[in-house]
Amino acid sequence: MTCEIVYYSATETTTKVVSVLSKKISEEVIFSRVDMTSYKKVVPSKADLIIFASPVYGGRIPSSIMKCFEMKCTKAKKIVGIAVYGNMSCGVSLKQYSKLARKHSCLLIGVGAFIGEHTYSLEEAPIARCRPNETDLEQAKLFGLAIQDKVNRGINEEVKIPNTLFPLFIEKFPEGMVKVGVKKPIIQGSCNGCGLCEKSCPTKAIDPNTFIIDNKKCIRCFSCVKKCNRNARKAELIIKGLKYLFSYIGRKNKESAWII
Ligand SMILES: Cc1cc2nc3c(=O)[nH]c(=O)nc-3n(C[C@H](O)[C@H](O)[C@H](O)COP(=O)(O)O)c2cc1C
């Protein structure tokens, strides 16, 4: 069985989940990392099984990432959908995988919702700190084994996604709404111009010479904040006190879960 893992990850929690899961799936795994600009060049997958994985933004899979996933799908493929979320809600993301499969006549054989440290988690206001933890990654391992077993035994059963309280019309909300509450990260002084932030920015929002962020392109994913070795970028909420509210909402740790 050949398997392609198509994934997006701004702050690497999704990367952790797919790398553990991949070890249990097949010897022939291709990793295709995509970002918000990749839909211009993505080609359909040739693998027998495609695993899609993305963080949840605003209760859904970001639309540019979903566009990439759509372009990877070809008829009659087996697919798996993974959503990594910051302990608030995975929203309609799993339902989106169901819709993706239906639209491209693919068979959705499994879905997983895993917890990753929330992008806006701060030391003084933590949300799902240090997740995925050992327990989450153990679940990723078990999910990988279950996928392999289902494929090897030729079970062609579609998974049923449980209903959520999160309405599907959320998908139609403007994605940039987070900008109302979160400032674009600014350089605060210790930058040595290494360019890591610019290279890893999933929307190519950072100028390669000045390292200034284009506010229009910035989606507040905080890849630049979390990847900087010198902590040179500062992240801030517009209403500072909101961090405590977010931390309060996300205080009760949810469990990573999957269905096959
Ligand atoms: C713009 C934005 C919106 C987000 N929306 C949600 C959300 O609706 N629910 C949630 O639980 N986490 C949400 N998060 C948190 C991320 O889903 C979470 O931190 C995830 O682990 C990030 O994955 P990554 O490390 O692979 O980039 C959001 C993060 C960002 C940047």
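Since the model is a prediction, treat every value here as computed from it, not as a measurement. Residue positions are counted from 1 within each chain, in the order its sequence is given. The predicted origin of the model limits local features to residues at a pLDDT of at least 70 and limits the giving and counting of side-chain atom pairs to 80 or more, whereas totals for whole chains, interfaces and linings rest on all residues. As a rule here, side-chain values cover all heavy atoms of the structure and leave hydrogens and water aside.

K.L.:
Mind showing me how you'd approach the site of the ligand here?
P.N.:
Whether a residue is near a molecule or strand depends on its heavy atoms: it is near if one of them lies within 4 Å of it. Around the ligand, the structure places 26 residues, and the nearest of them are Ser9, Thr11, Thr13, Thr14 and Val56. Separating a nitrogen atom of the ligand from a backbone N or O atom of Ser89 is a distance of 2.9 Å. We call two N or O atoms a polar contact when they sit within 3.5 Å, provided that within protein one can donate a hydrogen and the other can accept it, with sequence-adjacent residues counted only if both atoms are side-chain atoms. His118 has a polar side-chain atom sitting 3.3 Å from a nitrogen atom of the ligand. When the ligand sits alone it has 650 Å² of accessible area, and the protein chains cover 93% of it. Lining residues are those with an atom within 4 Å of a point, where the points come from a 1 Å grid over the protein atoms alone and group into cavities, where a 1.4 Å probe fits but cannot get out, or pockets, open sets with protein on both sides within 12 Å along at least five of seven lines. A cavity or pocket is said to hold a molecule if more than half of that molecule's atoms lie within 2 Å of its grid points. The cavity that encloses the ligand is the largest pocket. Note on conventions: DSSP H or I runs of at least 4 residues are helices, E runs of at least 2 residues are strands, and numbering of each starts at the N terminus. Counting residues per element, the ones that place at least two in the shell around the ligand are helix H1 (13-22) and strand E4 (78-85). Formed jointly, the shell around the ligand draws a minimum of three residues from each of two domains, domain 1 (2-167 + 253-259) and domain 2 (183-236). The accessible surface values rely on the Shrake-Rupley method and a 1.4 Å probe; as for residues, cover is taken only from the protein chains in view. Residue ranges labeled as domains rest on an automatic or database domain assignment.

K.L.:
How should the packing of H1 against helix H4 (residues 134-152) be read in this particular structure?
P.N.:
Axes are the key here: two packed helices are described by the angle between their axes and the distance separating the axes. Axes here refer to lines fitted to C-alpha atoms; in helices the fit is confined to the stretch in contact. Angles between the N-to-C directions go from 0 to 180 degrees. Running from amino to carboxyl end, H1 crosses H4 at an angle of 45°, the nearest separation of the two axes being 7 Å. As the angle between them shows, H1 and H4 are arranged oblique. Every pair of crossing elements has a handedness; the one defined by H1 and H4 is right-handed. Note on element contacts: H4 touches H1 through Leu137, Ala140, Lys141, Phe143, Gly144 and Ile147, opposite Lys16, Val17, Val20 and Leu21. Residues are grouped as follows: Ala, Val, Leu, Ile, Met, Phe, Trp, Tyr, Cys and Pro are nonpolar; Asp, Glu, Lys and Arg are charged; all remaining types, including Gly, are polar. Among the residues making up the contact of H1 with H4, the classes are represented as seven nonpolar, one polar and two charged. Oblique is the label for any angle not covered by the other classes, which are roughly parallel (under 35 degrees), roughly antiparallel (over 145) and roughly perpendicular (65 to 115). Crossing handedness is defined as follows: a turn of the near helix away from the far one that is anticlockwise and smaller than a right angle gives a left-handed crossing, while the clockwise case is right-handed. Note on contacts: a residue pair is in contact if any heavy atoms of the two residues lie within 4.5 Å.

Remember, this is a structural readout, not a statement about activity or role.
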